[in-house]
Amino acid sequence: MDAQIVVVIAGAILVFAIIAALIFMRTAGGRFTYDTQRGTQPRATEGEGNTPGVAFKGRFTMLTAAAGTVFAAIFTKLWSMQMVSSDYYEELAVQNQTRTVTTPAPRGRILDRNGEPLVANRASLTVAAYRDLADNEILVRHLANVLGMPYTAVRRNIIDYNQGAQSLHTVASDVRRSTIAYIQEHASDFAGVEVVERTERMYPHGSLAAHVLGYTGTITQEQLDAQEETTEGDGSQAGRIQYESGDIVGQAGVEIEYENLLQGIRGEQTVMVDATGNVTGATGAIPPEPGSDIKLTLDLTIQKACEDGLKRAMQVAKQFGHNNATKGACVCLDCTNGEILGMASAPEFDPSVFIGGVSTDDWNTLNSDEGGHPMVNRAIAGEYMSASTIKPLSALAALKYGIMNESDTVTCTGWWTGLGEANGKWCWNHSGHGPMTLKSGIIMSCDPVFYEIGKGFYYDEENPEGLQAMFRAWGLGSKTEVDLPGESTGRVPDAAWKKEFFADWDDADRNWNPGDMANIVIGQGDILVTPLQMACAYAGIANGGKEFTPHVFLSAVSRDGSGDVVTYETKERLTGDFGKQSDIELVEDALVGVIYDESPSQAAHFTNLDVTVAGKSGTGQKNGEDDYSWFVVYAPADDPKYVVASLVEQGGFGNEASMYAVRDVLGVIYDQPDTAGTSASDGSR
Amino acid sequence: MAQAQAAAQSADALKRVNRRTSAARGAFRQSINIPVLLAVLALLAYGAVVIWTASLTIPEASFPRHLLGIGLGLFAAVVCWRYDFRSLSNYSTILLVVTVIVIFTPYIPGLSWNAKGMTGWIRIPLIGLTFQPVEVAKTLTVLFMAALGAQYNGHIDNVHEYAKLCGMLAVPFGAVLLAGDLGSGMVVFFAGAVIIMMSGPKREWVLSTIAIIIGLVALVLALDTVLDSLLGHDVLLKQYQINRLLVFIDPDADTTSAGYNLKQSLIAVGSGGFFGKGIGAATQAGEGFLPEAHTDFVFALLSEEFGFVGSLVLLALFAALIFSTIRIAFKSSSLYLKLVAVGIVGIWLFQVLENVGMCIGLMPITGIPLPFISFGSSSMLMQLANVGIIQSIWRCRTKSA
């Protein structure tokens, strides 16, 4: 571009110069004229005098003037540079010699409610390099020898396509100090090899609560771009943390949810460097500000109990022949304030694989179907049919909308034909329960009682969807607003939903029919809930209606002691709907009855507890799969405090799997382990 | 009476002493031009200080070697001062031959010396000293061109004669360019051009020549771009030479060495401010940002250390030297010596303009030293020899018997 302009200008000057030269030559030749009148002496028309002395004087004046011009030009330029613009150049000179070096701030720790660290930090000396270094085979081989690693491994780490080309790739973590010293002493041999002191996440309890805690990782390009956009949006973000490429940020769970508390503010130091970049001195330094420690509502003991209980439940399920019982969730809530005391999800994963960048193989395993998607927190993201655990809510709806009264009875013969013989439905107990009231219907989990309710709602003129309204009023079908990312909504199906969801079906098939109603009234069919939603609903029942927003965050303490203590303010999420106070009392009584009266084998697991327990089992049926095992309890029944909900995918009946999980959690809470042996279920649901 | 006689005698004696001393002083003034001497000595001292400070951080800038250069140079100056250069006016052809031979000495096997990628050096056999012959060639060209120009007795009436003179200058100029030293070639050209202009051509010819030269330069630049792209390699000008020119036009155009050098030089000069950063406190040169701080970019180092004041002192010394030399040329009765003196003025003026100008972004970057200041014995030796020639011209300014 520039070169072309120069050529064009030069060409123009050339043409002009040649023309000018020709004209000058011509006129100069014509200046000698012969004057025929005054003689034939040629007359020079030059301005200079004729005598050499005068001529030389003129030339010397010109030479002096030329020299003067040179000095004047230099003087002027020097004046402008050294007098006028010297501040500008001074700044450039300072910029030349200074570099800003950032020191990472340690992330805040994550503690349980008693201050026991669940996630801590650990300093790690890391050898890192940019991808270009892989081209230098000799250096990489040398580095591999020094680190005591195979050459191919070092090379692979340097190339590492999982990380951006511009970021520092970790070659080796936790390098010995002596090795680091050797590398630093021979800096010229290891040009391009960087030694970084990183603080890495440490998990003192391994994979415990991994789903709640989440994990950290290098900030992604999308996250950086998102930051760019929000910063552009409003410039008043002075106090915000500015992320740079290579920063470690939360990527899941509490780590991402409370990123702005956990993330520290990196320190900056201005260092003086020479032309080759060697540091020659240091000036002002802003020390890094560590992130705040976060206290979670989790109780280490209860969290452990949830995980161990869930494991035992799955193990018991396998004993009963449910070999696919490998996934599930178990939640323990404090129903008086919504604090989540324990939250387990299976399968689990080890968050430490994310330290220093997760390998492709690990990542693929963590996201594969074969691996069972262990990173999914099934307690909040798993959507399951609620099965019989929903029956208390169905009962409340029936009472409120007058579909059924306390005293009404339904006779269960084991085969319900309320919608005609062709559409007959089995009770789980094919031999029938005999005459059932609403309360005994809940206790025995008698399906025909609820089929009648479903049918009643379907044909009710005023409140055909009163059942769904009741479900929603207790928080189903909407997020619990728990402070964890990735929560699912669940689903409370109704006529409008069915029409829209099966849009490509025939109109006849898309119509809401009494069968749909009979399905959702017992928690089958298209209804979907998360274990946390059920735990919250039962917390509401235990509280006489009041549901608190479930949460894992308890408080935050600034590590340097100066920051404010942030404490979670308990929020009331909703108050569950019911008709009369006696309605909810009936349901509460029935739930106690479920535990102690439904079946002796089930009661045996709870009679050895001092506290009275209320709860409900559930067995979700899915075509081609083993049953989904549910159990939700709260205790003590007379003054509820703890709610425990458990689900085991393909775990069989409620009391074949999940019951062991909730019982174990209660056992740990009250320090009264379950002494009853595992016994085959009597089939009660 | 006796008293009066005695008084008269003593007065006579006093007069005699006075006359003798004034005659001695006069003889000294007669043979040595004081302003030039003082200016040069001051420049040498100034340069020595600057090189000494450079030697603190730049290992190549050896202060003893600089002093050795000054010593050799002063010796050469004295030799030149004692020599009467008028005798050379008749040997123009011999001078031309010698000049061309000197320019190509680096290509003579056994003499040529290439190290660190530099060309244009010779290594004198037996002594083992290295030298840049092109520095000698500058002075020889002045002597040779002055010899040619003096033939016309201050007035060139014939355009053919003028063209011949220009053609003669093109010989050493072209030879230096062939030897690959554009910067020195420009010095030779500028000095020769000053001599030609002072030899008395018509002003129109000079202006036309300048126009033609500008046109030719433009043509070369244009052809260079075209030929390079056609043939795929550097033909007329080397790429780094083009880069330097482009960088001069736009300092940010080239981020490679040429642009970097210019930028660092500008920063060094500019950040010097009024009083400078002081001896040893020049961060640009001291921390290695400024390349060639002791040779080509010595003015930037000087400016950074001594600021605007220091730069002005340097310029004032050069101005004193150059204007005094012009005065010497003017005073000289020999046309040949006049032309030799203005030729040397041309050398100095151009080297100061180019070297200082390149440091402050006035001129494109070329590698020529700042007379009397830059580290480098070849330049120091020959510049002091030039001073010797000027002093010789002063000594021989009246028509000799």
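**Re the overall build of chain A**
Step number 1: Assigned secondary structure in chain A consists of 24 helices and 23 strands.
Step number 2: Across the 685 residues in chain A, those meeting the buried criterion constitute 50%.
Step number 3: Looking at chain A alone, contacts between residues at least 24 apart form 72% of all its contacts between residues at least 6 apart.
Step number 4: Within the structure as shown, chain A displays about 30900 Å² of accessible surface, and the carbon and sulfur contribution to it stands at 51%.

**A closer look at empty space enclosed by the protein**
Residues and elements named next belong to chain B.
Step number 1: On inspection of all chains with the given rule, the structure shows four cavities of 30 Å³ or more.
Step number 2: If you add up the space inside the largest cavity, you get close to 60 Å³.
Step number 3: If you go around the largest cavity, the residues you meet are Thr-53, Ala-54, Thr-57, Gly-280, Ala-281, Ala-282, Ala-285, Gly-286, Leu-301 and Glu-305.
Step number 4: Put simply, the parts of the chain that give the lining of the largest cavity at least two residues each are helix H2 (34–57), helix H11 (283–286) and helix H12 (298–331).
Step number 5: No other element matches H2, which puts three residues into the lining of the largest cavity.
Step number 6: Partitioned by chemical class, the residues of the lining of the largest cavity number five nonpolar, four polar and one charged.

**What about the interface of chain B and chain A?**
Step number 1: Contact residues are listed per partner, giving 67 residues for chain B and 47 residues for chain A.
Step number 2: Between chain B and chain A, the buried area comes to about 5000 Å², and carbon and sulfur atoms account for 77% of it.
Step number 3: Summed over the shared surface of chain B and chain A, the number is zero salt bridges.
Step number 4: For the pair chain B and chain A, the interface holds six residue pairs in polar contact (both at pLDDT 80 or more).
Step number 5: Residue classes in the side of chain B that touches chain A are distributed as 42 nonpolar, 18 polar and seven charged.

**A short note on unusual backbone geometry**
Step number 1: In this structure, A:Pro347 follows A:Ala346 across a cis peptide bond, with omega equal to 0 degrees.
Step number 2: Here A:Pro347 shows up in the loop between strand E12 (339–346) and helix H12 (360–366).
Step number 3: For A:Glu481, which is not a glycine, the phi torsion comes out positive at approximately 65 degrees.
Step number 4: Among the secondary structure elements, A:Glu481 is positioned in the loop between helix H17 (466–473) and helix H18 (495–501).
Step number 5: You can call A:Glu481 exposed: its relative accessible area is 54%.
Step number 6: Even without being a glycine, B:Asn153 presents a positive backbone phi close to 60 degrees.
Step number 7: Inspection of the secondary structure puts B:Asn153 in the loop between helix H5 (133–149) and helix H6 (159–178).

**Focus: the confidence of the model for chain B**
Step number 1: Per-residue confidence for chain B gives a mean pLDDT of 85; residues scoring 70 or more make up 91%.
Step number 2: Scored by ipTM, the complex comes to 0.89, with pTM at 0.64.

**Quick word on helix H22 (residues 581–597) of chain A**
Residue pairs spaced three or four apart in an α-helix point in one direction, given the helix's 3.6 residues per turn.
All names here are of chain A.
Step number 1: The terminal C-alpha atoms of H22 lie 23 Å apart, and with 17 residues this matches the ideal 24 Å at 1.5 Å per residue to within 8%.
Step number 2: Residues Asp-583, Ile-584, Leu-586, Val-587, Glu-588, Ala-590, Leu-591, Gly-593, Val-594 and Ile-595 constitute the buried set of H22.
Step number 3: Those residues of H22 that are buried are in contact with helix H14 (391–400), helix H15 (438–444), helix H21 (531–542), helix H23 (600–607), strand E21 (614–620) and strand E22 (628–635).

**A short note on the side chain of A:Gln82**
Step number 1: Within the element layout of this structure, A:Gln82 appears in helix H2 (residues 52–84).
Step number 2: Judged by relative accessible area, A:Gln82 falls into the buried class, the value being 1%.
Step number 3: A distance of 3.4 Å separates a polar side-chain atom of A:Gln82 from the backbone oxygen of B:Ser303.
Step number 4: Among all residues touching A:Gln82, those that are not within four sequence positions of it are B:Val269, B:Gly270, B:Gly272, B:Gly273, B:Phe274, B:Ser303, B:Gly307, B:Phe308 and B:Ser311.

**Remarks on a positive patch on the surface**
Step number 1: On the surface, a cluster of positive charge is made up of B:Lys15, B:Arg16, B:Arg19 and B:Arg20.
Step number 2: With respect to the helices and strands, the residue B:Arg19 is situated in helix H1 (residues 2–31).

**Observations regarding the packing of aromatic side chains**
Step number 1: Under the defined criterion, the tally for this structure stands at 33 aromatic pairs over all chains.
Step number 2: Summarising the aromatic geometry, the rings of A:Tyr88 and A:Tyr89 are spaced 5.1 Å apart at their centres and angled 70 degrees between planes, so their arrangement reads as edge-to-face.
Step number 3: An aromatic cluster of three or more residues is present, and its members are A:Phe75, A:Trp79, B:Phe274, B:Phe275 and B:Phe308.
Step number 4: Here A:Arg141 stacks its cationic end above the ring of A:Tyr151, 4.0 Å away from the centre of that ring.
Step number 5: Positioned above the aromatic ring of B:Trp394 is the side chain of B:Arg397, whose terminal nitrogen or guanidinium carbon lies 3.8 Å from the ring centre.

**Some points on helix H5 (residues 151–159) of chain A**
All names here are of chain A.
Step number 1: Among the residues of H5, Tyr-151, Ala-153, Val-154, Ile-158 and Ile-159 are the ones counted as buried.
Step number 2: The inward-facing, buried residues of H5 contact strand E3 (117–129), helix H4 (137–147) and strand E4 (169–172).
Step number 3: Phi turns positive, to about 20 degrees, at Asp-160, one or two residues after H5.

Procedures and definitions
- Residues numbered from 1 in each chain as written.
- Chains lettered and ligands numbered in written order.
- Predicted model: local features only at pLDDT ≥ 70, side-chain atom pairs only at ≥ 80, totals over all residues.
- Heavy atoms only, no water.
- Helix = DSSP H or I, 4+ residues; strand = E, 2+ residues; numbered from the N terminus.
- Buried < 20%, exposed > 50% of the residue type's maximum accessible area, 1.4 Å probe, protein only.
- Contact = heavy atoms within 4.5 Å.
- Areas by Shrake-Rupley, 256 points an atom, 1.4 Å probe, with all protein chains shown as cover.
- 1 Å grid on protein atoms, 1.4 Å probe; cavity = no way out; pocket = protein on both sides within 12 Å on 5 of 7 lines; lining within 4 Å.
- Points joined across faces, edges and corners; volume = space filled by probe spheres on them.
- Nonpolar A, V, L, I, M, F, W, Y, C, P; charged D, E, K, R; others polar.
- Buried area = accessible area lost by both parts, 1.4 Å probe.
- Salt bridge = Lys/Arg side-chain N within 4 Å of Asp/Glu carboxyl O.
- Polar contact = N/O pair within 3.5 Å; in protein donor to acceptor, adjacent residues only side chain to side chain.
- pLDDT = per-residue confidence, 0-100.
- Expected span 1.5 Å × (residues − 1).
- Patch = residues over 30% accessible without salt bridge, like charges linked within 9 Å, V, L, I, M, F, W, Y side chains within 5 Å.
- Lys, Arg positive; Asp, Glu negative; His and termini not counted.
- Charge placed at Lys NZ, Arg CZ, Asp CG, Glu CD.
- Phe/Tyr/Trp six-rings, centres within 6.5 Å; stacked < 30°, edge-to-face > 60°.
- Lys NZ or Arg CZ within 6 Å of the ring centre and 35° of its normal.

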